[in-house]
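Report on the structure
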Amino acid sequence: MFISLILPYMVMSFFDETKNFGLMAMIAGLVMVLSAIIWVVDGFDLGLIGVLIAGLLLLVFGLGVYQGESKLNIGSLFDEGVTSKFGLVVGFIIIVGVVDIVQGIFALNIMSIVIGVLLILFGLLMKMDLSPILKKIIWVILLIVFLLGIIGGILGVVAAFGGAALWIVLNVLNAVAYLVIYIMLFLYMLSPEVKSKMSM
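Heads up: these notes are all about the structure in this document. (Residues numbered from 1 in each chain as written. Predicted model: local features only at pLDDT ≥ 70, side-chain atom pairs only at ≥ 80, totals over all residues. Heavy atoms only, no water.)

Thoughts on the overall build of the chain
The following threshold applies: Secondary structure elements are defined from DSSP: runs of H or I of at least 4 residues count as helices, runs of E of at least 2 residues count as strands, and each element is numbered from the N terminus. By definition, residues are in contact when any of their heavy atoms lie within 4.5 Å. Per-residue accessibility takes into account occlusion by the displayed protein chains alone, with areas from the Shrake-Rupley method and a 1.4 Å probe. The charge count treats Lys and Arg as positive and Asp and Glu as negative. His and the chain ends do not count. By convention, charge coordinates are those of NZ in Lys, CZ in Arg, CG in Asp, or CD in Glu.
The helix and strand inventory of the chain stands at 8 helices and 0 strands. When the helices and strands of the chain are read in sequence order from the N terminus, they spell out α-α-α-α-α-α-α-α. The long-range fraction of contacts in the chain, counting pairs at least 24 apart against all pairs at least 6 apart in sequence, stands at 66%. By element, 76% of the accessible surface of the chain is carried by carbon and sulfur atoms, the whole surface being about 10,400 Å². Both charge centroids of the chain, one from 8 positive and one from 10 negative side chains, sit 11 Å from each other.

Observations concerning the packing of aromatic side chains
For the record, the criterion: Here a pair means two rings of Phe, Tyr or Trp (six-membered ring of Trp) with centres within 6.5 Å. Their orientation is stacked below 30 degrees between planes, edge-to-face above 60, and tilted elsewhere. Burial status follows relative accessibility: with a 1.4 Å probe on protein chains alone, a residue under 20% of its type maximum counts as buried, one over 50% as exposed, and anything between as partly exposed. Charges are assigned to positions over rings by a cutoff of 6 Å between ring centre and Lys NZ or Arg CZ, combined with an angular limit of 35 degrees from the ring normal.
The tally for this structure, following the rule as stated, stands at 6 aromatic pairs. Their ring planes at 20° and their centres at 5.5 Å tell us that W39 and W167 sit as a pair that is stacked. Here the residue W39 occupies a position in helix α2 (residues 18–42), and W167 occupies one in helix α7 (residues 165–189), the gap between them amounting to 128 residues. Of the residues examined, W39 reaches a relative accessible area of 38% and is grouped as partly exposed. Pairwise contacts between aromatic rings join F21, F92, F146, Y178, Y182 and Y188 into one cluster. A cation over a ring is seen here: K19 above Y66, with NZ or CZ 4.8 Å from the ring centre.

Details of the nonpolar core
Formally: Each nonpolar core is a collection of buried residues, namely Ala, Val, Leu, Ile, Met, Phe, Trp, Tyr and Cys, held together in the definition by side-chain atoms within 4.5 Å.
The biggest cluster of nonpolar side chains holds 48 residues, and the ones touching the most others in it are F21, F61, V89, M126 and F146. The dominant element in this core, judged by the number of residues it contributes, is helix α4 (residues 85–107), at 12 residues. Ignoring anything within four residues of it in the chain, the contact list for V89 reads M126, L142, F146, L185, Y188 and M189.

What about α2?
To keep things clear, this is the line we draw: Helix span is expected to be 1.5 Å times the residue number reduced by one. Here a polar contact is recorded for every N or O atom pair within 3.5 Å, except that within protein the pair must consist of a potential hydrogen donor and a potential acceptor, and residues adjacent in sequence are included only if both atoms are side-chain atoms.
Here α2 contains 25 residues, and its C-alpha end-to-end distance of 37 Å stays within 8% of the 36 Å for a straight helix at 1.5 Å per residue. Of the residues that open α2, the one with a side-chain oxygen 3.2 Å from the backbone nitrogen of K19 is E17.

Given below as structure tokens:
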């Protein structure tokens with residue numbers, strides 16, 4: 001009886017703690033780094049350098065969130081900090097954009113670069129003094145995107161069980177990390193802090 005009462009509180013406390021967001025981002029970044037190294041052993045490809053760099057960027061971003069201080073000082077991209085829920089939502093959108101651009105450059109993938117640029121612009125828009133209507137639209141769009149991310153994370157966990165044992169472990173870690181990240185982002189969007197910032 002006691003466990004059934006305390007468990008929901010423990011789960012919500014986990015998702016509410018921004019340090020855990022950083023931990024999940026670190027895991028996702030580490031999986032990218034390890035995957036790139038393993039793929040290089042099988043055969044070098046220029047695109048793998050992009051995966052390696054992107055993984056390191058995500059790892060450093062996650063470390064900064066975990067320690068409560070931004071480790072990536074790229075102009076004013078991360079000036080919202082990494083300790084508030086709004087700062088994390090903005091920061092994650094921007095870091096994913098940066099990661100897409102890096103991978104796109106090394107893989108010569110124009111679409112990835114374009115998506116990355118759009119994500120960064122979207123993150124920057126969130127920090128601007130927009131009209132309440134535009135902020136509400138952005139809030140709704142992000143809520144839907146993060147919900148789709150949760151669904152994708154669940155499907156990713158299910159699909160991870162296949163192939164060599166090492167890849168199963170890496171794929172499961174990656175899928176679970178992103179599932180937790182998107183659950184946290186979804187909950188952050190519903191928090192009074194973020195809703196206030198987005199005029200909701």
